[in-house]
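Observations on the model geometry
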Amino acid sequence: MDGLTINEAAETTGWSSRMLRYIESAGLIEPPRTPSGYRVFGPGELQRLRTLRELLARFDCGLSDVAFAKRLDSEPELSAEFQRWLEERPAPPEGVPSDDWLRWEQDKHERLLAAPA
């Protein structure tokens, strides 16, 4: 197979090898592999990496933003829940008076932060 190893691709593109693995795990590129399992970065993968960098710069967003957008595009249930969350109006939980809502939320967050992992 013609192409670059992950280290050569990292040097060529300016992404680290670790970042290239992350980009692949997020499904943003899919380099073919040799029979022994090594990634091979050909011209198509190098172009995708270059245009990905341009996309990030053009829209001032992070790689995690693009990875999440891909998930939204490929996971209808996640997309629907996220859209529901965006449209939902905050309201006090049942049984919590409006004037006590702030304290109730603060207490809830403090309990969650104090809970053992």
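So, here's what we can say about the structure.

Scoring rules and cut-offs
Residues numbered from 1 in each chain as written. Predicted model: local features only at pLDDT ≥ 70, side-chain atom pairs only at ≥ 80, totals over all residues. Heavy atoms only, no water. Axes fitted to C-alpha atoms, helices over the stretch in contact; angles between N-to-C directions. Helix = DSSP H or I, 4+ residues; strand = E, 2+ residues; numbered from the N terminus. Parallel < 35°, antiparallel > 145°, perpendicular 65-115°, else oblique. Contact = heavy atoms within 4.5 Å. Nonpolar A, V, L, I, M, F, W, Y, C, P; charged D, E, K, R; others polar. Buried < 20%, exposed > 50% of the residue type's maximum accessible area, 1.4 Å probe, protein only. Core = buried A, V, L, I, M, F, W, Y, C linked by side-chain atoms within 4.5 Å. Salt bridge = Lys/Arg side-chain N within 4 Å of Asp/Glu carboxyl O.

Between helix 1 (residues 6-13) and helix 2 (residues 17-25), whose axes approach to 8 Å, the crossing angle comes to 100°. One way to sum up the angle between helix 1 and helix 2 is to call them roughly perpendicular. Contacts from Ile-6, Asn-7, Ala-9, Ala-10 and Thr-13 of helix 1 reach helix 2 at Ser-17, Leu-20 and Arg-21. Here the contact of helix 1 with helix 2 is composed, by residue class, of four nonpolar, three polar and one charged.

Following the sequence through the fold, Leu-4 ends up in the segment before helix 1. Note on Leu-4: relative accessible area 25%, which makes it partly exposed. As for Leu-4 and Phe-41, which are separated by 37 residues in sequence, their C-alpha atoms are 4.9 Å apart.

Right, let's get into the nonpolar core. Judged by nonpolar contacts, the single largest core of 14 residues is most densely connected at Trp-15, Leu-20, Ile-23, Phe-41, Leu-49, Leu-52 and Leu-63. Breaking this core down by element, the ones donating at least two residues are helix 1, helix 2, helix 3 (43-58) and helix 4 (63-74). When sequence neighbours within four positions are dropped, the list of residues in contact with Leu-49 reads Thr-13, Trp-15, Leu-20, Ile-23, Ile-29 and Phe-41.

Position of Leu-72 among the secondary structure elements: in helix 4. If near-sequence neighbours (up to four positions away) are discounted, Leu-72 is found in contact with Leu-78, Ser-79 and Phe-82.

In the structure shown here, the tally under the stated rule is seven salt bridges. As a salt-bridge pair, Arg-33 and Glu-24 come within 3.4 Å of each other at their nearest N and O atoms. Overall, the relative accessible area of 38% leaves Arg-33 in the partly exposed class. One connected set of salt bridges, linked through shared partners, spans Glu-24, Arg-33 and Arg-39.

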